[in-house]
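Here are the chains, one letter per residue:
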Protein chains: 2
Amino acid sequence: MSAHFPKFSTTILGSNSALPANGRHPTAQLLNVNNHYYLIDCGEGTQMQLRRYGMKMQRIEVVFISHMHGDHYFGLVGLLNSMHLLGRTRPLKIIAPAALEEIVRIQLDAAGGRIQYPIEFVVLDIAPQEKQRVYEDAQIKVNAFLLKHRIPCHGFLFTEQERERSYLPDKGGPAGVKLQEIPKLKAGEDVQRPDGTVFRSKDYTEAPAPPRTYAYCTDTLPLEVTSEMVAGANCLYHEATFIEAERKRAKETFHSTAQQAAEVAQKAEVKELLIGHYSARYSELEVHLTEARSIFPKTYLTEEGAEFEIK
Amino acid sequence: MSAHFPKFSTTILGSNSALPANGRHPTAQLLNVNNHYYLIDCGEGTQMQLRRYGMKMQRIEVVFISHMHGDHYFGLVGLLNSMHLLGRTRPLKIIAPAALEEIVRIQLDAAGGRIQYPIEFVVLDIAPQEKQRVYEDAQIKVNAFLLKHRIPCHGFLFTEQERERSYLPDKGGPAGVKLQEIPKLKAGEDVQRPDGTVFRSKDYTEAPAPPRTYAYCTDTLPLEVTSEMVAGANCLYHEATFIEAERKRAKETFHSTAQQAAEVAQKAEVKELLIGHYSARYSELEVHLTEARSIFPKTYLTEEGAEFEIK
C-alpha cells in the first residue's frame, strides 16, 4: 500500500535572470505544501504572473527573498500593495536580507497610507556558514544557507514536517475502534481498554510518507558546500544562467552554467534537478538541457506556468 | 499647402489603476516628440510593456512621475536597472516628487553596484498653484501643476517648441536661392545680395505648424482649475477610474468618473480627450466611453499598445 503524499509542488512564475526577455519573467516561484502557499523570490511582474496562472495571492503565508538584486524582489512592494487593496487582513511574514524592510517601508510611507494587515520581517543572517532554521510551521521547516554571489545570497531548504501515522479503518481487527481512540493510534500509541482489549497502533495505522525536501539555490557560483547542504533532496532548483560556451562569463558574474548545476546535483545525490534563471541572451534552452543531462539525466527546464511535483 | 507636423504622439503602456487586471497594466505612457522619447509614469511591468510593443527603452530621455502611488512608479527601478544592464551611458533625467530619489537610491545601493549612466533627479514643487516650468529642451516645454488626490499629485502640460519656418524650394522666385542663404530665410529674415537682389523670407518659406500641447492629468478629482491649466490643449489625457454608478466611490478615493473627465475637457475646450486609469472592477469599458461622449464627443479610450497622434 502506498503512503499518502500531501501536495508538495513548485509553480514557476518567473524563469529568467535580470532582464525580462523572450517572454520570460524575472525569478519567482510559488511553493504549495499541503495547500499552504509560500512565495520564493518576487521579481517584477510577479503579481501579474500569479493572476495569469490563477494563483490566489491572498493565500500566500510567507515570502522568502534570496538576495537584494532587483530581479528577485522588485515585484514585492506591488504585490504587498495589491494584497492591501484587495482587503487582506491575514498576516504576512517576509524572510529576507536586512535591507528589504526599509525599502518596503519607505515606499509604503510615500504612498501616504498604511497596510491594514500585519507584515513581519525576519532578517536573514549573513554570518553563518551552517544551515540556519529561518522558518517553521505545521507544514514545513525552512533552513537557509549561504551561496556565493556578488552580494550576500541565501539558498533555502524546504523540508516537510513529519506527518502523523495514517489511520486504516479497513485494516480489520478484534473490534471496532472508537472515534476518540483514533488520535492515540495515529500518534503511534497502543490503546488498552478497561476490559483488557488492546488495539495496537501498528495494526490500525501505517507509517507516514517520509518528509520530502525542496532546495532552492539562486544566484550563485557552483559550490561544493551547496551539494552538502542539499544532499539527498527530492528536488533541487539550481540556477543555470549560462551554457558552457559562456563559462567564463558565468564565473565573472558569480553565476553557474547548466552543466555546473548538474554537477552540484550529482554530488548532492538529489533525485531531480530543475534549472532556470536563464540569461536573456538565450531564446532557446535546448543547450542548457542537453548539457545538464549529460551529467545529471533527471534534469528539467523550468517553464513559466508549469507546476513541478516534488516526488 | 499644409504645414509640416513633426511626430507628436503618446503610446499607452498601461491603462489601469492600482490593480493590474483584465489584461491591463498600471499607468505608463511613452511620449514621442519629433522622435525624442519621454516616459510619463512607470507602473510595474513598464519595461516588459516597452519590450512587448517594440519601443526602445534606451531612447527615453526624461521620465515624469506624477505622484507616489505605486501604480505610477513601481516599474521605475527595474527599468533603470535594465537600462544599466543593457549598457546605457546616456544621462537620464527623472522629474518626480521628492520621495522618489531616496527610494531609487536605497534600492540601487542594496544591489551593491552602481549605475554607470548619470541620473539627475528634479523635484516637483508641491507648493505652487500656478503652472511651473519643470523641463525644457529643443523639442518641448513642460509645465507641472497640482491636481487633487490623496497625496500630492501633478498634472503635466507638454508643449512643442516653436519650429523655424519651412523652406519651400518649389515656390519659385527671381533666381536660385543659395544653400547658405536658406538658414536666414527660415529664421524669417530677408536676404539681400550685394548686387541688390532681394529674397523675401515670406516668398521662400512658410510659417511653422503651431505648437501642439498634450495635457496629462492623473490621479485626481475633477477640478475647475484643471480646465484652466489645460485650456485649448490639442489633447487631454484625464483619468476616468470610474463610471457614474460609482460617482460616490470616485469622490471618496479622489478619482474621477468618465463623465467628469469629459466635463473637464468640455470646459477646457480641448480638441480631443483620452481617458484611462480604469478600475480593475471593469472588464468592459463601453460605459466609460458612452458616458464621456454624451458630454464630449471627441473622447477616446486608451488601449495598451495603441499610439495616439496629437493632432
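Residues numbered from 1 in each chain as written. Chains lettered and ligands numbered in written order. Predicted model: local features only at pLDDT ≥ 70, side-chain atom pairs only at ≥ 80, totals over all residues.

### A short note on the overall build of chain A
Thinking step 1. Helix and strand content of chain A: nine helices and 18 strands.
Thinking step 2. The dimensions of chain A, computed from C-alpha atoms along their principal axes, are 75 × 55 × 40 Å.
Thinking step 3. Per-residue burial for chain A yields a buried fraction of 46% across its 311 residues.
Thinking step 4. Within chain A, contacts between residues separated by at least 24 positions form 64% of all contacts whose residues are at least 6 apart in sequence. (Helix = DSSP H or I, 4+ residues; strand = E, 2+ residues; numbered from the N terminus. Buried ≥ 20, exposed ≤ 12 C-beta atoms within 10 Å, placed from the backbone. Contact = placed C-beta atoms within 7 Å.)

### Some points on the interface of chain B and chain A
Thinking step 1. If you look at the interface, chain B gives 28 residues, while chain A gives 28 residues.
Thinking step 2. When residues of the side of chain B that touches chain A are traced back to their parent elements, those giving at least two are α1 (46-52), α2 (76-85) and α3 (99-110) of chain B.
Thinking step 3. Counting residues per element, the side of chain B that touches chain A draws most heavily on α3(B), at six residues.
Thinking step 4. For the side of chain B that touches chain A, the per-class residue count stands at 14 nonpolar, ten polar and four charged. (Nonpolar A, V, L, I, M, F, W, Y, C, P; charged D, E, K, R; others polar.)

### Observations regarding unusual backbone geometry
Thinking step 1. A cis geometry characterises the amide bond from T218(A) onward to D219(A), with omega recorded as 0°.
Thinking step 2. Structurally, the position occupied by D219(A) is in the loop between β14 (213-217) and α6 (224-229).
Thinking step 3. The backbone of N34(A) sits at a positive phi, close to 55°, despite the residue not being glycine.
Thinking step 4. Note on N34(A): 14 C-beta atoms within 10 Å, which makes it partly exposed.
Thinking step 5. Its identity is not glycine, yet D41(B) carries a phi of approximately 60°, on the positive side.

### So, the confidence of the model for chain A
Thinking step 1. In this model, chain A carries a mean pLDDT of 93, and residues with pLDDT of at least 70 account for 96%.
Thinking step 2. Among the prediction metrics, the complex's ipTM stands at 0.91, with pTM recorded as 0.92. (pLDDT = per-residue confidence, 0-100.)

### Things to note about the environment of V104(B)
Thinking step 1. With respect to the helices and strands, the residue V104(B) is situated in helix α3.
Thinking step 2. With sequence-adjacent residues up to four places away left out, V104(B) is seen in contact with L76(B), V77(B) and L80(B).

### Quick word on helix α9 (residues 286-293) of chain B
Thinking step 1. Buried residues of α9(B): H288(B), E291(B) and A292(B), and no others. In an axial view of α9(B), the angular spread of the buried residues amounts to 95°, which keeps them on one side of the axis. (Arc of directions from axis to C-beta.)

### Focus on the relation of the copies chain B and chain A
Mapping between the two chain copies consists of a rotation about an axis together with a translation along that axis.
Thinking step 1. Laying chain B over chain A is done by rotating through 180° and shifting 0.1 Å along the axis; what remains is an RMSD of 0.2 Å. On the angle and the small slide along the axis, the relation comes out as a two-fold axis. Measuring from the rotation axis to each C-alpha of chain B, the shortest distance belongs to G45(B), at 2.8 Å. (Least-squares fit on C-alpha atoms with pLDDT ≥ 70 in both.)

### A few points about the sheet that holds strand β1 (residues 8-14) of chain B
All names here are of chain B.
Thinking step 1. The seven strands are arranged β6-β5-β4-β3-β2-β1-β18 in an open sheet whose pairing can be described as mixed. Each of the sheet's edge strands pairs with one partner strand only, and the pair in question is β6 (119-123) and β18 (307-309). Geometrically, the sheet is characterised by an average inter-axis angle of 20° between neighbouring strands, direction not taken into account.
Thinking step 2. Taken together, the three bridges between β1 and β18 define a ladder with antiparallel strand orientation. Among the inter-strand pairings, S9 is bridged to a residue of β18, identified as E309. (Pairing = 2+ DSSP bridges. Axes fitted to C-alpha atoms, helices over the stretch in contact; angles between N-to-C directions.)

### Points about the packing of helix α8 (residues 258-268) of chain B against α9(B)
Residue and element names in this part refer to chain B.
Thinking step 1. Where α8 contacts α9, the axes come no closer than 8 Å and their chain directions differ by 35°. Considering only the axes of α8 and α9, their crossing is right-handed. Two secondary-structure elements touch here, α8 through A258, Q259, A261 and A262 and α9 through H288, E291 and A292. (Left-handed = near helix turned anticlockwise from the far one by under 90°.)

### Notes on the pairing of strand β4 (residues 60-64) of chain B
Residues and elements named next belong to chain B.
Thinking step 1. Within β4, four of the five residues are buried, which leaves it mostly tucked inside the rest of the structure.
Thinking step 2. As judged from the four bridges shared by strand β3 (residues 36-42) and β4, these two strands associate in the parallel manner. Across the sheet, Y37 pairs through a bridge with I60, a residue of β4.
Thinking step 3. In this fold, β3 hands off to α1, which returns the chain to β4; that crossover is right-handed.
Thinking step 4. Strand direction decides the pairing type here: β4 and strand β5 (residues 92-96), joined by three bridges, are parallel. From the neighbouring strand, V62 faces β5, where its bridge partner is K93.
Thinking step 5. Tracing the backbone out of β4, into α2 and back to the parallel element β5 gives a crossover that is right-handed. (Right-handed = clockwise from strand over helix to strand, strands pointing away.)

### Details of the environment of A99(A)
Thinking step 1. Considering the arrangement of structural elements, one finds A99(A) in helix α3 (residues 99-110).
Thinking step 2. We classify A99(A) as buried; it has 21 C-beta atoms within 10 Å.
Thinking step 3. As for A99(A) and R88(A), which are separated by eleven residues in sequence, their C-alpha atoms are 24 Å apart.
Thinking step 4. Contacts of A99(A), omitting those with residues within four sequence positions, involve M68(A) and A110(B).

### Concerning the sheet that holds strand β14 (residues 213-217) of chain B
Residues and elements named next belong to chain B.
Thinking step 1. The mixed open sheet is built from seven strands, whose spatial order is β7-β8-β9-β14-β15-β16-β17. Two strands lie at the open edges of the sheet, namely β7 (132-136) and β17 (299-301), each paired on one side alone. Taken pair by pair, the neighbouring strands of this sheet meet at an average axis angle of 20°, ignoring direction.
Thinking step 2. Across four bridges, strand β9 (residues 154-160) lies against β14 in antiparallel orientation. Looking across to β14, one finds that F158 is bridged to Y214.
Thinking step 3. Sheet strands in contact with α8 are β15 (235-239), β16 (272-276) and β17, and its direction is about 150° off that of β15.
Thinking step 4. Here α9 sits on the sheet and contacts β16 and β17; the angle it forms with β17, its principal contact strand, is near 170°.

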